[in-house]
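Chain by chain, the residues run as shown.
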Amino acid sequence: MSDEVRIRKSIQELPGYKAGARAQAVSGFTPYKLSSNENPLTPLPSVVSVIASAAESINRYPDPLATELTTRLAEKFQVDPNCIALGTGSVGVCQQIVQALCDAGDEVVFAWRSFEAYPIITTIAGAVSVRVPLTPSGEHDLALMAGAITDRTRVIFICTPNNPTGSIVNNQDLIDFLAKVPTNVLVVIDEAYVEFNRDEQAVDGLAAFQSFSNVAVLRTFSKAYGLAGLRVGYLIGPEALAEAVRKTAVPFGVSSLAQAAAIASLDHEDELLDRVQNLVELRSWFESALAELGFQIPASQANFIWLPLGERSEQFAKQCADVAVAVRTFVGEGVRISIGEREALEVLLPICAQYV
Ligand SMILES: *Cc1c(COP(=O)(O)O)cnc(C)c1O
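Residues numbered from 1 in each chain as written. Predicted model: local features only at pLDDT ≥ 70, side-chain atom pairs only at ≥ 80, totals over all residues. Heavy atoms only, no water.

J.: Explain the site of the ligand to me, and be specific about the residues and the numbers.
T.: Around the ligand, a shell composed of 13 residues is seen, among which Ser90, Tyr193, Thr220, Ser222 and Lys223 lie nearest. Between the ligand and Ser90, the relevant distance is 2.6 Å, taken from an oxygen atom to a main-chain nitrogen or oxygen of the residue. Measuring from an oxygen atom of the ligand, one finds a side-chain N or O atom of Lys223 at 3.3 Å. In isolation the ligand offers 390 Å² of accessible surface; the protein chains occlude 94% of this area. Considering each element in turn, the shell around the ligand owes the most residues, 3 residues, to helix α4 (residues 89–101). When its residues are assigned to classes, the shell around the ligand shows 5 nonpolar, 5 polar and 3 charged. (Near = heavy atom within 4 Å. Polar contact = N/O pair within 3.5 Å; in protein donor to acceptor, adjacent residues only side chain to side chain. Areas by Shrake-Rupley, 256 points an atom, 1.4 Å probe, with all protein chains shown as cover. Helix = DSSP H or I, 4+ residues; strand = E, 2+ residues; numbered from the N terminus. Nonpolar A, V, L, I, M, F, W, Y, C, P; charged D, E, K, R; others polar.)

J.: Go over the packing of α4 against helix α9 (residues 239–247), please, and point to the residues and values.
T.: Two measures define how a pair of helices packs: the angle their axes make with one another and the distance between the axes. Between α4 and α9, whose axes approach to 8 Å, the crossing angle comes to 100°. Between α4 and α9, the angle falls in the class roughly perpendicular. Mapping the contact onto sequence places Val93, Gln96, Ile97, Ala100 and Leu101 in α4 and Leu241, Ala244 and Val245 in α9. The class makeup of the residues in the contact of α4 with α9 is 7 nonpolar, 1 polar and no charged. (Axes fitted to C-alpha atoms, helices over the stretch in contact; angles between N-to-C directions. Parallel < 35°, antiparallel > 145°, perpendicular 65-115°, else oblique. Contact = heavy atoms within 4.5 Å.)

J.: So what about helix α12 (residues 313–322)? Which residues, and what values?
T.: At 3.6 residues per turn, the α-helix brings residues three or four places apart onto the same side. Within α12, the full set of buried residues consists of Ser313, Phe316, Ala317, Gln319 and Cys320. The arc that holds the buried residues of α12, viewed along the axis, is 160°, so those residues lie on one side. Among the structural elements, β9 (304–307), β10 (325–326), β11 (328–330), β12 (334–338) and α13 (342–353) are those in contact with the buried residues of α12. Where α12 ends, the next residue or the one after it, Ala324, has phi of about 70°, a positive value. (Buried < 20%, exposed > 50% of the residue type's maximum accessible area, 1.4 Å probe, protein only. Arc of directions from axis to C-beta.)

J.: Any details on the pairing of strand β4 (residues 128–133)? Residues and values, ideally.
T.: Judged from the 6 bridges that link them, strand β3 (residues 107–112) and β4 form a sheet pairing that is parallel. Within β4, the residue paired with Trp112 across the bridge is Pro133. In this fold, β3 hands off to helix α5 (residues 117–124), which returns the chain to β4; that crossover is right-handed. (Pairing = 2+ DSSP bridges. Right-handed = clockwise from strand over helix to strand, strands pointing away.)

J.: Which residues make up the pattern of salt bridges, and what values do they have?
T.: Inspection of the entire model under this criterion finds 12 salt bridges. Measuring nitrogen to oxygen at the nearest pair gives 2.8 Å for the salt bridge that ties Arg219 to Glu191. Of the two residues, Arg219 is situated in strand β7 (residues 215–220) and Glu191 in the loop between β6 (186–190) and α8 (205–211); the sequence distance between them amounts to 28 residues. In this pair, the class of Arg219 matches that of Glu191, namely buried. Note that Asp322 is salt-bridged to Lys318, the shortest N-O span being 3.2 Å. Within this pair, Asp322 and its partner Lys318 are both found in helix α12, separated by 4 residues, close to a single helical turn. Overall, Asp322 belongs to the partly exposed group, its relative accessible area being 40%. When salt bridges with common partners are traced through the structure, they connect Arg113, Glu116, Arg328 and Glu333 into a single cluster. (Salt bridge = Lys/Arg side-chain N within 4 Å of Asp/Glu carboxyl O.)

J.: Lay out the packing of helix α3 (residues 67–77) against helix α10 (residues 256–267) in plain terms, naming residues and giving numbers.
T.: Running from N to C, α3 and α10 point in directions that differ by 30°, and their axes come no closer than 9 Å. Between α3 and α10, the angle is such that the two are roughly parallel. For the pair α3 and α10, the sense of crossing is left-handed. On α10, the residues touching Glu68, Leu69, Arg72, Leu73 and Lys76 of α3 are Gln259, Ala262, Ile263, Leu266 and Asp267. (Left-handed = near helix turned anticlockwise from the far one by under 90°.)

J.: I'd like to hear about the nonpolar core, residue by residue, with values.
T.: Core analysis: the biggest nonpolar cluster contains 90 residues, and Leu69, Ile156, Phe177, Phe221, Phe316 and Ile337 have the highest contact counts within it. Contact partners of Phe316, with chain neighbours within four places excluded, come to Leu307, Leu309, Val335, Ile337, Ile351, Cys352 and Tyr355. If you look at the next biggest cluster of nonpolar residues, it comprises 25 residues, including Val93, Val98, Phe110 and Val188. (Core = buried A, V, L, I, M, F, W, Y, C linked by side-chain atoms within 4.5 Å.)

J.: Now, about the sheet that holds β11: what can you tell me, with residues and values included?
T.: Strand order in the open sheet formed by 3 strands is β9-β12-β11, and the pairing between neighbours is antiparallel. On the outer flanks of this sheet lie β9 and β11, each paired with one strand and no other. This sheet shows a mean twist of 20° between the axes of neighbouring strands, independent of strand direction. Bridge analysis of β11 against β12 gives 3 bridges, and the strand direction is antiparallel. Each bridged residue has a counterpart across the sheet, and for Phe330 the counterpart in β12 is Gly334.

J.: How would you explain the environment of Pro308 if you had to name every residue and give the values?
T.: Along the chain, Pro308 falls in the loop between β9 and α12. Linking Pro308 and Arg336, residues 28 residues apart in sequence, is a C-alpha distance of 8.6 Å. Other than its neighbours up to four places away in sequence, Pro308 contacts Ile297, Glu333 and Gly334.

Dropping the structure here:
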């Protein structure tokens, strides 16, 4: 036995979560960060002031059950409050789900490429990732995913709109898929970007939750509501699952600041969703500009677009960094560009033109 502290082998080998790069200063350019799908707008002044008042009682632990926020969400979605569980961002909820459902060696199925956090969370739980390739156009291959289910499968993540490709899953396709999934396998529909979706054929996660006993929906305040830094997301799912997910949470993880800011954001939802609409229009503008350049990329329903540049991805990202714009590179695969500030996207277009 070695005399050193023993780190689990799976954790030693685990690559750390790669956050989107910060924009590097370049003289003559305004830095922009388009690498983490953040909302480019600072919070509403009314939300900031609620956070500031909540800060005055930060000597106390928060309400561990986030009672008021839970009640508000239950009213908004017309669901039983017992079907809601919160976490430190919906990433936190993903982790709580896998911890609650998987023993060592159990399997978690997800599309690949999809959200970076799924394989990391799976490894941390001692479970096994089963990555099912996206179709060539970047969509979930539900037939292949159904075929990947074994008697060790405990959780399936469906990310729609998908990060990083921006594609949605068709609602009827999801319903047909759910009919094939054994009812003892949980299907988690990760709707982190649902507020940016304008495709009426896309998955309706809430309806699926209401029709199937093994479906949970994940939502977050990080993207559309602009609270990424405060870490608050939630699940709407079967009561027994919500209860289990509360048990695997870090105690008092969702701070009183986060709870207050989330409630204030629900109070000002119309204004926040107007901001989302502006981002959706900016996305359309950017997609049209790329199409005019000659790109043929599938429509995104999220607050980012995906350029499948393959081996040229790193070179592209370097050219963006040279004009102080940070984008997200997936080496050898593509580049994800968040729909942030219009000026930043304008700066990128001449670079994009070289990669058609
Ligand atoms: C950003 C993101 C989340 C959630 O992030 P949190 O800040 O933890 O709420 C969840 N799923 C996907 C696919 C994301 O891209």
